[in-house]
Amino acid sequence: MKFEGLKAIAVVDGVKGLLALFLALSVNVIAKQDLHQLAAQIMQNWPISPNNYYVNLLLTFVEKIIQQDHVLVIIISLMYACFRFVIAYGLWHKLRWTEWFAFISGSLYIPFELYAIYQNPSHVNVAVLLFNLIVVAYLYWVLKRGEKALSIMTK
(Lines give C-alpha, C1' and ligand atoms only; values in the text may rest on other atoms or scores of the structure.)
Protein backbone atom coordinates (compact mmCIF):
# COMPACT_ATOMS: atom_id res chain seq x y z
CA MET A 1 0.00 0.00 0.00
CA LYS A 2 1.29 3.46 -0.85
CA PHE A 3 0.98 6.17 1.74
CA GLU A 4 3.22 8.94 0.42
CA GLY A 5 1.80 11.42 2.91
CA LEU A 6 3.69 9.54 5.62
CA LYS A 7 6.96 10.76 4.12
CA ALA A 8 5.75 14.35 4.30
CA ILE A 9 4.78 13.89 7.95
CA ALA A 10 8.17 12.25 8.55
CA VAL A 11 9.89 15.34 7.15
CA VAL A 12 7.82 17.60 9.42
CA ASP A 13 8.72 15.46 12.44
CA GLY A 14 12.37 15.52 11.40
CA VAL A 15 12.26 19.32 11.24
CA LYS A 16 10.68 19.39 14.72
CA GLY A 17 13.55 17.21 15.93
CA LEU A 18 16.10 19.56 14.38
CA LEU A 19 14.42 22.55 16.03
CA ALA A 20 14.50 20.81 19.41
CA LEU A 21 18.17 20.00 18.87
CA PHE A 22 18.82 23.64 17.96
CA LEU A 23 17.01 24.69 21.15
CA ALA A 24 19.21 22.42 23.27
CA LEU A 25 22.35 23.82 21.67
CA SER A 26 21.11 27.40 21.99
CA VAL A 27 20.29 27.02 25.67
CA ASN A 28 23.73 25.55 26.23
CA VAL A 29 25.36 28.55 24.53
CA ILE A 30 23.12 31.16 26.17
CA ALA A 31 23.56 29.65 29.64
CA LYS A 32 27.22 30.60 29.50
CA GLN A 33 26.58 34.25 28.59
CA ASP A 34 25.27 37.37 30.25
CA LEU A 35 21.84 37.85 28.68
CA HIS A 36 21.66 41.55 29.48
CA GLN A 37 24.93 42.22 27.66
CA LEU A 38 23.89 39.97 24.76
CA ALA A 39 20.53 41.75 24.47
CA ALA A 40 22.23 45.16 24.53
CA GLN A 41 24.50 44.10 21.65
CA ILE A 42 21.60 42.71 19.61
CA MET A 43 19.32 45.70 20.25
CA GLN A 44 21.84 48.33 19.15
CA ASN A 45 20.19 48.28 15.72
CA TRP A 46 16.63 48.01 17.03
CA PRO A 47 14.36 50.82 18.19
CA ILE A 48 13.90 49.00 21.53
CA SER A 49 16.03 50.06 24.45
CA PRO A 50 17.70 47.28 26.45
CA ASN A 51 16.87 49.40 29.52
CA ASN A 52 13.14 49.06 28.81
CA TYR A 53 11.25 47.75 31.84
CA TYR A 54 9.57 44.89 29.97
CA VAL A 55 12.76 43.86 28.19
CA ASN A 56 14.58 43.76 31.55
CA LEU A 57 11.72 41.81 33.10
CA LEU A 58 11.78 39.24 30.30
CA LEU A 59 15.57 38.93 30.37
CA THR A 60 15.63 38.51 34.13
CA PHE A 61 12.95 35.80 33.94
CA VAL A 62 14.76 33.93 31.16
CA GLU A 63 18.09 34.32 32.94
CA LYS A 64 16.70 32.81 36.16
CA ILE A 65 15.20 29.85 34.31
CA ILE A 66 18.34 29.21 32.30
CA GLN A 67 20.71 29.55 35.24
CA GLN A 68 18.68 27.27 37.48
CA ASP A 69 17.40 24.63 35.11
CA HIS A 70 19.38 24.89 31.89
CA VAL A 71 20.52 21.28 32.20
CA LEU A 72 16.89 20.16 32.55
CA VAL A 73 15.86 22.22 29.50
CA ILE A 74 18.73 20.71 27.49
CA ILE A 75 17.85 17.15 28.56
CA ILE A 76 14.15 17.59 27.75
CA SER A 77 14.99 19.17 24.37
CA LEU A 78 17.35 16.32 23.50
CA MET A 79 14.78 13.71 24.53
CA TYR A 80 12.11 15.45 22.43
CA ALA A 81 14.51 15.60 19.47
CA CYS A 82 15.21 11.85 19.77
CA PHE A 83 11.47 11.18 20.02
CA ARG A 84 10.81 13.16 16.83
CA PHE A 85 13.71 11.53 14.96
CA VAL A 86 12.43 8.05 15.86
CA ILE A 87 8.93 8.93 14.66
CA ALA A 88 10.35 10.48 11.46
CA TYR A 89 12.42 7.37 10.75
CA GLY A 90 9.50 5.05 11.45
CA LEU A 91 7.04 6.99 9.32
CA TRP A 92 9.54 7.23 6.46
CA HIS A 93 9.93 3.44 6.53
CA LYS A 94 6.19 2.87 7.15
CA LEU A 95 6.61 1.10 10.49
CA ARG A 96 3.15 0.40 11.87
CA TRP A 97 3.93 1.18 15.52
CA THR A 98 5.22 4.66 14.62
CA GLU A 99 2.01 5.37 12.74
CA TRP A 100 0.13 4.70 15.98
CA PHE A 101 2.67 6.67 17.97
CA ALA A 102 2.41 9.68 15.62
CA PHE A 103 -1.40 9.50 15.66
CA ILE A 104 -1.55 9.46 19.46
CA SER A 105 1.09 12.16 19.95
CA GLY A 106 -0.56 14.40 17.33
CA SER A 107 -3.95 13.90 18.98
CA LEU A 108 -2.55 14.94 22.35
CA TYR A 109 -1.76 18.43 21.02
CA ILE A 110 -5.35 19.17 19.94
CA PRO A 111 -6.74 20.21 23.37
CA PHE A 112 -3.75 22.53 23.92
CA GLU A 113 -4.21 24.07 20.48
CA LEU A 114 -7.92 24.61 21.18
CA TYR A 115 -7.01 26.26 24.48
CA ALA A 116 -4.49 28.48 22.68
CA ILE A 117 -7.25 29.60 20.29
CA TYR A 118 -9.55 30.23 23.25
CA GLN A 119 -6.87 32.34 24.97
CA ASN A 120 -5.62 34.13 21.87
CA PRO A 121 -7.71 33.69 18.73
CA SER A 122 -5.31 34.34 15.86
CA HIS A 123 -4.76 33.12 12.33
CA VAL A 124 -1.54 31.39 13.37
CA ASN A 125 -3.21 29.41 16.16
CA VAL A 126 -6.08 28.39 13.88
CA ALA A 127 -3.62 27.40 11.12
CA VAL A 128 -1.60 25.26 13.55
CA LEU A 129 -4.78 23.52 14.72
CA LEU A 130 -6.01 22.92 11.16
CA PHE A 131 -2.63 21.55 10.09
CA ASN A 132 -2.54 19.19 13.07
CA LEU A 133 -6.13 18.07 12.44
CA ILE A 134 -5.26 17.27 8.83
CA VAL A 135 -2.20 15.27 9.91
CA VAL A 136 -4.14 13.38 12.60
CA ALA A 137 -7.04 12.68 10.20
CA TYR A 138 -4.61 11.40 7.57
CA LEU A 139 -2.87 9.17 10.11
CA TYR A 140 -6.26 7.84 11.21
CA TRP A 141 -7.09 7.06 7.57
CA VAL A 142 -3.72 5.31 7.13
CA LEU A 143 -4.30 3.25 10.27
CA LYS A 144 -7.82 2.24 9.19
CA ARG A 145 -6.69 1.35 5.65
CA GLY A 146 -3.84 -0.68 7.13
CA GLU A 147 -6.25 -2.60 9.37
CA LYS A 148 -8.45 -3.43 6.38
CA ALA A 149 -5.44 -4.64 4.43
CA LEU A 150 -4.32 -6.83 7.34
CA SER A 151 -7.80 -8.34 7.75
CA ILE A 152 -7.96 -9.13 4.01
CA MET A 153 -4.53 -10.79 4.12
CA THR A 154 -5.44 -12.99 7.09
CA LYS A 155 -8.65 -14.30 5.49
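Residues numbered from 1 in each chain as written. Predicted model: local features only at pLDDT ≥ 70, side-chain atom pairs only at ≥ 80, totals over all residues. Heavy atoms only, no water.

Draft legend 1. Structural view of the overall build of the protein. Summing up its helical and strand segments, the protein has five helices and zero strands in all. In sequence order, the protein lays out its α and β elements as α-α-α-α-α. A total of 155 residues make up the protein; the buried ones form 28% of that total. Partitioning the contacts of the protein with sequence separation of at least 6, the portion at a separation of at least 24 is 70%. (Helix = DSSP H or I, 4+ residues; strand = E, 2+ residues; numbered from the N terminus. Buried < 20%, exposed > 50% of the residue type's maximum accessible area, 1.4 Å probe, protein only. Contact = heavy atoms within 4.5 Å.)

Draft legend 2. Molecular detail of the side chain of Glu 99. As for its position among the elements, Glu 99 is in helix H4 (residues 96-119). The class for Glu 99 is buried, based on a relative accessible area of 4%. Excluding residues within four positions of it along the chain, Glu 99 makes contact with Leu 6, Leu 91, Lys 94, Leu 139, Val 142 and Leu 143.

Draft legend 3. Spatial organisation of the pattern of salt bridges. As enumerated under the stated definition, the model contains three salt bridges in all. We note a salt bridge from Asp 13 to Arg 84, for which the minimum N-O separation is 2.7 Å. With a gap of 71 residues between them, Asp 13 in helix H1 (residues 5-30) and Arg 84 in helix H3 (residues 53-92) connect regions that are remote in the sequence. In terms of burial, Asp 13 and Arg 84 fall into one category: buried. Through salt bridges that share partners, Asp 13, Lys 16 and Arg 84 make up one connected network. (Salt bridge = Lys/Arg side-chain N within 4 Å of Asp/Glu carboxyl O.)

Draft legend 4. Seen up close, the packing of aromatic side chains. By the definition in use, this model includes seven aromatic pairs. Where Phe 83 meets Phe 101, the ring centres are 5.2 Å apart and the plane angle is 65°; that geometry is what we call edge-to-face. Separated by 18 residues along the polypeptide, Phe 83 in helix H3 and Phe 101 in helix H4 bring together distant segments of the chain. Residue class for Phe 101 comes out partly exposed when judged on its relative accessible area of 37%. Taking the centre distance of 6.2 Å and the plane angle of 85° together, the rings of Trp 100 and Phe 103 count as edge-to-face. Taken together, the positions of Trp 100 and Phe 103, both in helix H4 and three residues apart, correspond to about one turn of that helix. The exposure class of Phe 103 is buried, given its relative accessible area of 18%. Each member of the aromatic cluster is reached from another via a ring pair, and the members are Tyr 80, Phe 83, Trp 97 and Phe 101. The ring centre of Trp 92 lies 4.7 Å from the NZ or CZ of Lys 7, which sits over that ring. (Phe/Tyr/Trp six-rings, centres within 6.5 Å; stacked < 30°, edge-to-face > 60°. Lys NZ or Arg CZ within 6 Å of the ring centre and 35° of its normal.)

Draft legend 5. The nonpolar core, seen in detail. Counting residues in hydrophobic clusters, the biggest one holds 16 residues, and the most contacted among them are Leu 6, Ile 9, Leu 91, Ala 102, Phe 103 and Leu 139. At the level of elements, H1, H3, H4 and helix H5 (123-154) are the ones that each hand at least two residues to this core. Examining the composition of this core, we find that six residues originate from one element, H5, more than from any other. When neighbours within four sequence positions are excluded, Leu 91 is seen to be in contact with Leu 6, Ile 9, Ala 10, Asp 13, Thr 98, Glu 99, Ala 102 and Leu 139. (Core = buried A, V, L, I, M, F, W, Y, C linked by side-chain atoms within 4.5 Å.)

Draft legend 6. Structural view of the confidence of the model for the protein. For the protein, the mean per-residue pLDDT works out to 82, and 75% of the residues sit at or above 70. Confidence, read as mean pLDDT per element, is least for helix H2 (residues 35-42) in the protein (65) and greatest for H4 (92). (pLDDT = per-residue confidence, 0-100.)

Draft legend 7. Structural context of H1. Across its 26 residues, H1 extends 37 Å between first and last C-alpha, which sits within 8% of the 38 Å expected from 1.5 Å per residue. Along H1, the residues classified as buried are Leu 6, Ile 9, Ala 10, Asp 13, Gly 14, Gly 17, Ala 20, Ala 24, Ser 26 and Val 27. (Expected span 1.5 Å × (residues − 1).)

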